[in-house]
Amino acid sequence: MYIAMNRFRIAPGREEDFLEVWRNRDSHLNEVPGFKQFKMLQGESQEDHTVFISHSVWESEEAFRDWTKSDAFRKAHANAKAPEGIYLGPPKFEGYDVVL
């Protein structure tokens, strides 16, 4: 199994705006071979930002990489633009093989 995560730094007071973008987007993940699960995690708010982490579980790293090259990926990201001022920089990707 493979875990893919993106860490987002969100401007104070814009947390609900960020979540609304994710609630309203069609990810197309359920039609992707190898996709298992998606969760959005919220960390404790700091003075200058709140961290959110998109957490997806895949059968393998290959399944995840194949998705990033697929039509489903392009469709999911085509209308994913958030209103200005929500993100404090680009997301940081982290990928992990499940070993236990």
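Named according to an unreviewed UniProt entry, the protein is Antibiotic biosynthesis monooxygenase originating from Halomonas casei.

*Asks:* Is there a simple way to explain helix α2 (residues 61–68) in this structure?
*Replies:* For α2, the complete set of buried residues consists of A63, F64 and W67. Down the axis of α2, the smallest arc covering the buried residues is 100 degrees, so these residues share one side. If you follow the buried residues of α2, they end up packed against β1 (2–10), β3 (50–58), α3 (71–78) and β4 (92–97).

*Asks:* Is there a simple way to think about the pattern of salt bridges in this case?
*Replies:* Where charged atoms from two side chains of opposite charge come close, those side chains can pair. Evaluated as defined, the whole model comprises nine salt bridges. Here E61 ties to R65 by a salt bridge, and the two come within 3.3 Å at their closest N and O atoms. One end of the pair is E61 and the other is R65, both in helix α2 and four residues apart, which spans about a single turn. Given the relative accessible area of 34%, R65 is considered partly exposed. Sharing partners across several salt bridges, the network here consists of E16, E20 and R23.

Definitions and limits used
- Residues numbered from 1 in each chain as written.
- Predicted model: local features only at pLDDT ≥ 70, side-chain atom pairs only at ≥ 80, totals over all residues.
- Heavy atoms only, no water.
- Buried < 20%, exposed > 50% of the residue type's maximum accessible area, 1.4 Å probe, protein only.
- Helix = DSSP H or I, 4+ residues; strand = E, 2+ residues; numbered from the N terminus.
- Arc of directions from axis to C-beta.
- Contact = heavy atoms within 4.5 Å.
- Salt bridge = Lys/Arg side-chain N within 4 Å of Asp/Glu carboxyl O.

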